[in-house]
Amino acid sequence: MPGTPPQRNGGATLREVLLHKGYLRLLLVSALVGIPVSLAAFGFVGLEHELQHWIWESLPKTAGYDRAPWWWPLPALLLAGLLLAPVVTRLPGHGGHVPVDGLGGPPTPPRAVPGVVLAALACLPLGAVLGPEAPLMALGGGLALLAVPAARRAEQPELVAVLGTAGASSAISTIFGSPLVAGVMLIEAAGLGGPRLIALVLPSLLAGGVGALVFTGFGHWTGLAIGALSLPKLPASGVPDPGDFLWGVPLAAAIALVCVAGQTIGRRVKAFTAADTARSTAARTVLCAVAVGCCLALYALLTDRSPEEAALSGQATLGALAADPAAWPIGALLALVLCKGLGWSIALGSLRGGPIFPAILLGAALGVACAPLPGFGTAPALTVGLAASGAAVTRLPVTSAVLAAALLGGEAAAAMPLLIVATVTAFITAEALRGRPGRAGAAAAGVGRAADTP
């Protein structure tokens, strides 16, 4: 760990690590890095949110529609593919990592940041079924590394890891609805122990806290919305009863099956887009983007609702679903899971963005669809959906539980036993499915066949 005292036979104590002058300098740099990174992240998310609003709400009204018509996703996603293709094939970093690979990996090099930003702005506002979390982490990590000369980055890879993680934490601290979620994610994903773990996390938490302050301040001063994942209104929740667990456990397993099936399809799509030539990769990327648009248009045709509900990251739709579940017929919820789920699967392997936000909406929709079961209910069903989907997709059960609790707010305390059971059930089910490629592949094929059925 950079900035830590020399190791003795027993290793450095936590006190020695924290009070070492090199580590204190690292904390100071992390706090200072959090300010410009947060400003850049705020600008990115604010721009993405405004573009999204213009494309899906203002532009249809200007064209004479009350809402986006069913065919709106087709030209929007075609344009997204055409804009993304040259970024993926020509710019350094290929627009960031493919979403199906998760959120991990080394920090993004500064020279790859422009491509990440362009790829995200090409995909997310135009309706790609992905979230902003992965581009934000790449943006934050890449910008944070600019604080260190290139020669020193080559000499001290551990410094690169710490500052890159701190920058990523600063960038995503508010988009998850709470800086605590980002901190817990780093703790769980680090896979370290003892003083080294805390020494890694503290700079990230500090940068994340500064980032949250900047996000909050600029949001208040400018009046711009950043679209943080949150549920402003929730159904009232009580203490879970046996019926909640009776339905909640199999529901969590089913949600894990859907998520793993989607990721399995995503890996196959990734292999399809990874062609031998740049021209083939570009053409297949555009083809996949159009396929995502077809899924969104199909949802609108099946339900006679706005395709915007199935497009984008799902943050707005999740809030609307939680605020008024009765406004969603079961058929519309199942169509959302089918169409958005298939679009998400294709986007995971071909477009650019984050995998988490859409998966949480899929879990919530499937949960609310099961709410009318005898002895169940909307509040416990929503709890299971939020917790299970996060655990299945991120493979970080503690992070998923904290994120679900943050979304549930004041209702989390009563729902905590069911929340934890759903998290553990989904996590174990997902890992078991991933351990059996044949089953996961069969699940993916089943989802694919269902999507082809009119």
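The text that follows walks through the structure, step by step, so that each part is easy to find. Bear in mind the structure is a predicted one, so any value in this text is a computation, not a measurement. (Residues numbered from 1 in each chain as written. Predicted model: local features only at pLDDT ≥ 70, side-chain atom pairs only at ≥ 80, totals over all residues. Heavy atoms only, no water.)

## A few points about the overall build of the protein
Counting its secondary structure elements, the protein contains 18 helices and zero strands. Here the protein holds 454 residues, and the buried ones make up 55% of them. Partitioning the intrachain contacts of the protein with sequence separation of at least 6 by distance along the chain shows that 80% fall at a separation of at least 24. Counting only carbon and sulfur atoms, one obtains 67% of the accessible surface of the protein, whose full area is about 18300 Å². (Helix = DSSP H or I, 4+ residues; strand = E, 2+ residues; numbered from the N terminus. Buried < 20%, exposed > 50% of the residue type's maximum accessible area, 1.4 Å probe, protein only. Contact = heavy atoms within 4.5 Å. Areas by Shrake-Rupley, 256 points an atom, 1.4 Å probe, with all protein chains shown as cover.)

## A short note on the nonpolar core
The biggest cluster of nonpolar side chains holds 107 residues, and the ones touching the most others in it are Leu136, Phe176, Leu351 and Leu386. The element best represented in this core is helix 14 (residues 356–369), accounting for 11 residues. Counting nine residues, the second largest nonpolar core, distinct from the first, contains Leu27, Leu145, Val148 and Val162. (Core = buried A, V, L, I, M, F, W, Y, C linked by side-chain atoms within 4.5 Å.)

## Notes on a nonpolar patch on the surface
A contiguous nonpolar patch, built from Leu28, Leu32, Ile35 and Leu39 and spanning about 360 Å² of accessible area, is present on the exposed surface. Mapped onto the elements, Leu28 comes out in helix 2 (residues 21–62). (Patch = residues over 30% accessible without salt bridge, like charges linked within 9 Å, V, L, I, M, F, W, Y side chains within 5 Å. Salt bridge = Lys/Arg side-chain N within 4 Å of Asp/Glu carboxyl O.)

## Let's talk about the packing of helix 2 against helix 7 (residues 157–172)
Two elements in contact, helix 2 and helix 7, have axes whose closest approach is 8 Å; the angle formed by their N-to-C orientations is 45 degrees. As far as their axial angle goes, helix 7 and helix 2 are oblique. Taken as a pair, helix 2 and helix 7 cross one another with a handedness that is right-handed. Contact residues: helix 2 offers Leu26, Val29, Ser30, Gly34, Val37, Ser38 and Ala41, while helix 7 offers Leu159, Val162, Leu163, Ala166, Gly167, Ser170 and Ala171. Of the residues that constitute the contact of helix 2 with helix 7, the class distribution is nine nonpolar, five polar and no charged. (Axes fitted to C-alpha atoms, helices over the stretch in contact; angles between N-to-C directions. Parallel < 35°, antiparallel > 145°, perpendicular 65-115°, else oblique. Left-handed = near helix turned anticlockwise from the far one by under 90°. Nonpolar A, V, L, I, M, F, W, Y, C, P; charged D, E, K, R; others polar.)

## A word on the state of the cysteines
This model, assessed by the stated rule, comprises zero disulfides. Here Cys294 is not disulfide-linked; the sulfur of Cys295 is the nearest cysteine sulfur, at 7.0 Å. (Disulfide = S-S within 2.5 Å.)

## Considerations on the environment of Ala311
Looking at the element boundaries, Ala311 is found in the loop between helix 11 (278–303) and helix 12 (315–323). When the C-alpha atoms of Ala311 and Leu126 are compared, they prove to be 8.5 Å apart, with 185 residues separating the residues in sequence. Setting aside anything within four residues of it in sequence, one finds Ala311 in contact with Trp56, Gly127, Leu296 and Lys340.

## Focus: the environment of Val98
Among the structural elements, Val98 can be located in the loop between helix 3 (73–90) and helix 4 (113–123). Each residue touching Val98, except ones within four places of it in the same chain, is listed here: Lys270, Leu348, Gly349, Ser350 and Arg352.

## Some remarks on the pattern of salt bridges
Counting across every chain of the model gives five salt bridges. The partner of Asp101 in a salt bridge is Lys270, and the shortest N-O contact between them spans 2.9 Å. You can see Asp101 sitting in the loop between helix 3 and helix 4 and its partner Lys270 sitting in helix 10 (residues 242–273), a full 169 residues away along the chain. Judged by relative accessible area, which is 43%, Asp101 ranks as partly exposed. For Lys270, a relative accessible area of 29% corresponds to the partly exposed category. Of the charged contacts, one joins Glu309 and Arg305 as a salt bridge, the two residues approaching to 2.9 Å between their closest N and O atoms. A residue is classified by how much of its surface remains accessible, and Glu309, at 16% relative accessible area, is buried. Taking relative accessible area as the criterion, Arg305 reaches 19% and is therefore assigned buried. Where salt bridges share partners, they join Arg395, Glu431 and Arg434 into one cluster.

## Structural notes on helix 16 (residues 397–408)
Residue pairs spaced three or four apart in an α-helix point in one direction, given the helix's 3.6 residues per turn. Here helix 16 is 12 residues long and its end C-alpha atoms lie 16 Å apart, about the 16 Å a rise of 1.5 Å per residue gives. A positive backbone phi angle near 60 degrees is found at Gly409, which sits one or two residues after helix 16. (Expected span 1.5 Å × (residues − 1).)

## Regarding the side chain of Ser313
With respect to the secondary-structure elements, Ser313 resides in the loop between helix 11 and helix 12. At 2.6 Å, the side chain of Ser313 and the side chain of Gln315 are in polar contact. If we skip the residues at most four places from it in the chain, Ser313 touches Ala128, Leu130, Gly131, Pro132, Lys340, Phe357 and Pro358. (Polar contact = N/O pair within 3.5 Å; in protein donor to acceptor, adjacent residues only side chain to side chain.)

## Points about helix 7
Taking 1.5 Å as the rise per residue, helix 7 with 16 residues should run 22 Å; its terminal C-alpha atoms sit 23 Å apart, in good agreement. Across the 16 residues of helix 7, 12 count as buried, placing the element largely inside the fold. Listed as buried for helix 7 are Leu159, Val160, Val162, Leu163, Gly164, Ala166, Gly167, Ala168, Ser169, Ser170, Ala171 and Ile172.

## Describing the packing of helix 14 against helix 15 (residues 378–394)
Contact geometry of helix 14 with helix 15 gives a least axis separation of 7 Å together with a crossing angle of 145 degrees. Read as a crossing pair, helix 14 and helix 15 show a hand that is right-handed. Counted together, Ile356, Ala359, Ile360, Gly363, Ala364, Gly367 and Val368 of helix 14 and Ala381, Leu382, Gly385, Leu386, Ser389, Val393 and Thr394 of helix 15 form the full contact between these two elements. Looking at side-chain class alone, the contact of helix 14 with helix 15 contains nine nonpolar, five polar and no charged residues.

## Considerations on the environment of Phe42
Tracing the backbone through its elements, the reader meets Phe42 in helix 2. Taking the relative accessible area as the measure of exposure, Phe42 reaches 6% and is therefore buried. Sequence separation of Phe42 and Ile172 is 130 residues, and the distance between their C-alpha atoms is 9.8 Å.

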